[in-house]
Amino acid sequence: MAIRLYWGNLLRDLRIENNLTQSEVAEVLHISRQAYSNLETGRAQPTIELMAILCELYDYDIYNYVLQNMPDDMVAEQYRFKTQLPLKASKKKKKD
């Protein structure tokens, strides 16, 4: 079962919060204003590379956004998996 997130509202809200125009963001991404508009309206999906650039531009961490938009059972499964991982061993070397 593929889960698709709708990024358009988030991209528009972040752009507006940062007082940027679609043209300004498109210039940073090296795409046309129309291509960027398609991302905001959902006619196109952003690549992971574009999302990385936009998160850096807006100083935004999308982890919580993704969790909020995942089905509850998937979030619970992820939590159970993380709690079963072994603790990382300390990398400090003991002095002799």
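Thresholds applied
One numbering rule holds for all chains: residues counted from 1, following each sequence as written. It should be noted that, the model being predicted, local features are given only for residues of pLDDT at least 70 and side-chain atom pairs only at 80 or more, the latter also being counted only at that level, while totals for whole chains, interfaces and linings use all residues. To get the side-chain values, take all heavy atoms of the structure and skip hydrogens and water. Under the DSSP-based scheme used, a helix requires at least four consecutive residues in state H or I and a strand at least two consecutive residues in state E, with every element numbered from the N terminus. In this scheme, a residue with accessible area under 20% of its type's maximum is buried, one over 50% is exposed, and one in between is partly exposed, where area comes from a 1.4 Å probe on protein chains only. Only heavy atoms enter the contact rule, under which two residues are in contact if any of them lie within 4.5 Å. Per-residue and other accessible areas were derived by the Shrake-Rupley procedure at a 1.4 Å probe size, with only the shown protein chains allowed to occlude residues. Confidence scores labelled pLDDT are given residue by residue by the predictor and lie between 0 and 100. For the purposes of this section, nonpolar cores are sets of buried Ala, Val, Leu, Ile, Met, Phe, Trp, Tyr and Cys residues that join through side-chain atoms within 4.5 Å. Each direction from the helix axis to a C-beta atom contributes to the arc, which is the arc of those directions.

Asks: Help me understand the overall build of the protein, please; the structure alone is not making it clear to me.
Replies: Assigned secondary structure in the protein consists of six helices and zero strands. Seen in sequence order, the protein has helices and strands lined up from the N terminus as α-α-α-α-α-α. By residue count, 26% of the 96 residues in the protein fall in the buried class. Here the analysis covers contacts within the protein between residues at least 6 apart in sequence; of these, 59% occur between residues at least 24 apart. Summed over its atoms, the accessible surface of the protein is roughly 7900 Å², and 53% of this surface lies on carbon and sulfur atoms.

Asks: Any chance you could explain the confidence of the model for the protein here in plain terms?
Replies: Reading predicted coordinates in detail is not appropriate for stretches of low pLDDT. Looking at the protein, pLDDT values average 82 and 76% of them are 70 or higher. When the elements of the protein are averaged for pLDDT, helix α6 (residues 72–84) gives the smallest value, 69, and helix α2 (residues 22–29) the largest, 97. Here residues 89–94 is modelled with pLDDT under 50, and outside its nearest four sequence neighbours on either side it reaches zero contacts, counting other chains as well.

Asks: Explanation requested: the nonpolar core in the structure shown.
Replies: As a rule of thumb, soluble globular proteins bury nonpolar side chains together. Counting residues in each nonpolar core, the largest one holds 16 residues, and the members touching the most others are Trp-7, Leu-11, Tyr-36 and Leu-54. Mapped by element, the contributors of at least two residues to this core are α1 (8–17), α2, α3 (33–41) and α4 (48–58). Per-element tally for this core: the top contributor is α4, with five residues. With sequence-adjacent residues up to four places away left out, Trp-7 is seen in contact with Gln-45, Pro-46, Met-51, Ile-62, Tyr-65 and Val-66.

Asks: Even after reading the chapter, I still don't get α1, so can you show me in this structure?
Replies: Quick reminder: α-helices carry 3.6 residues per turn. Residues three or four places apart thus point the same way. Within α1 the residues assigned to the buried category are Gly-8, Leu-10, Leu-11, Leu-14 and Arg-15. In a view along the axis of α1, the buried residues occupy a sector of 170°, so they form one face of it. Here the buried face of α1 lies against α2, α3, α4 and α5 (63–69). One or two steps after α1, the chain reaches Asn-19, where phi turns positive at roughly 55°.

Asks: Is there a simple way to think about unusual backbone geometry in this case?
Replies: Excluding glycine, a negative phi dihedral is what most residues carry, and trans is how most peptide bonds are arranged. Unlike most non-glycine residues, Asn-19 shows phi in positive territory, near 55°. Residue placement: Asn-19 occurs in the loop between α1 and α2. Under the relative-accessibility criterion, Asn-19 is labelled exposed at 69%. A positive phi is found at His-30, a non-glycine position, where the angle reads about 60°.

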